[in-house]
Amino acid sequence: MFQRGILDSRMWTLQASEPSGNGLTFRIVADSVKTIGRAAGADFVVDAALVSRVHCRLTLTGDRLEVEDLGSTNGTWVNGTKVARAALAEGDRLTVGRVEFEVFRRA
């Protein structure tokens, strides 16, 4: 459990609701790289339709969060636009398969 005031100011959260209604929440801390995918080896596992085994990569460097598609079959989308790579901002919508994540920056 995190205590208030100890969290790194460069932490980001992705929050989603799967089509089945099960909520997913992923946290990304400063200077880290995480993958999203259907495979058990992905850092953030999303077992949902149209998600590739290793779908995309999230990189948090400093206070910049970036997503990069890893050759997924159905693409990675930010705010309704298909992207190969994009910087994410507070309030953006990241879509992987049929799962839409809302992006939050936590201080």
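Quick notes on the rules
- Residues numbered from 1 in each chain as written.
- Predicted model: local features only at pLDDT ≥ 70, side-chain atom pairs only at ≥ 80, totals over all residues.
- Heavy atoms only, no water.
- Helix = DSSP H or I, 4+ residues; strand = E, 2+ residues; numbered from the N terminus.
- Buried < 20%, exposed > 50% of the residue type's maximum accessible area, 1.4 Å probe, protein only.
- Pairing = 2+ DSSP bridges.

Asks: So what's going on with unusual backbone geometry? Residues and values would help.
Replies: Located in the positive-phi region is Leu50, a residue other than glycine, with phi close to 70°. By the secondary structure assignment, Leu50 is in the loop between strand S4 (44–45) and strand S5 (56–61). We note that Asn79 has phi near 55°; this positive angle belongs to a residue other than glycine. Of note, Asn79 is situated in the loop between strand S7 (76–78) and strand S8 (81–83). We classify Asn79 as partly exposed; its relative accessible area is 44%.

Asks: I'd like a description of the sheet that holds S4, backed by residues and values.
Replies: Taking strand neighbours across the sheet as the criterion, the five strands line up as S4-S3-S5-S6-S9 in an open arrangement whose pairing is mixed. The sheet terminates laterally at S4 and strand S9 (85–88), the two strands that pair on one side only. With five bridges connecting them, strand S3 (residues 32–37) and S5 associate as antiparallel partners. Bridging from a neighbouring strand, Lys34 pairs with Leu58 of S5.

Asks: Before we move on, can you summarise the pairing of S9 with the specific residues and values?
Replies: Here S9 shows a clear split, with Ala86 and Leu88 buried on one side and none of Arg85 and Ala87 buried on the other. Relative to S9, strand S6 (residues 64–69) is paired through four bridges, and the arrangement is antiparallel. Of the residues in S9, the one forming a bridge with Glu66 is Ala87.

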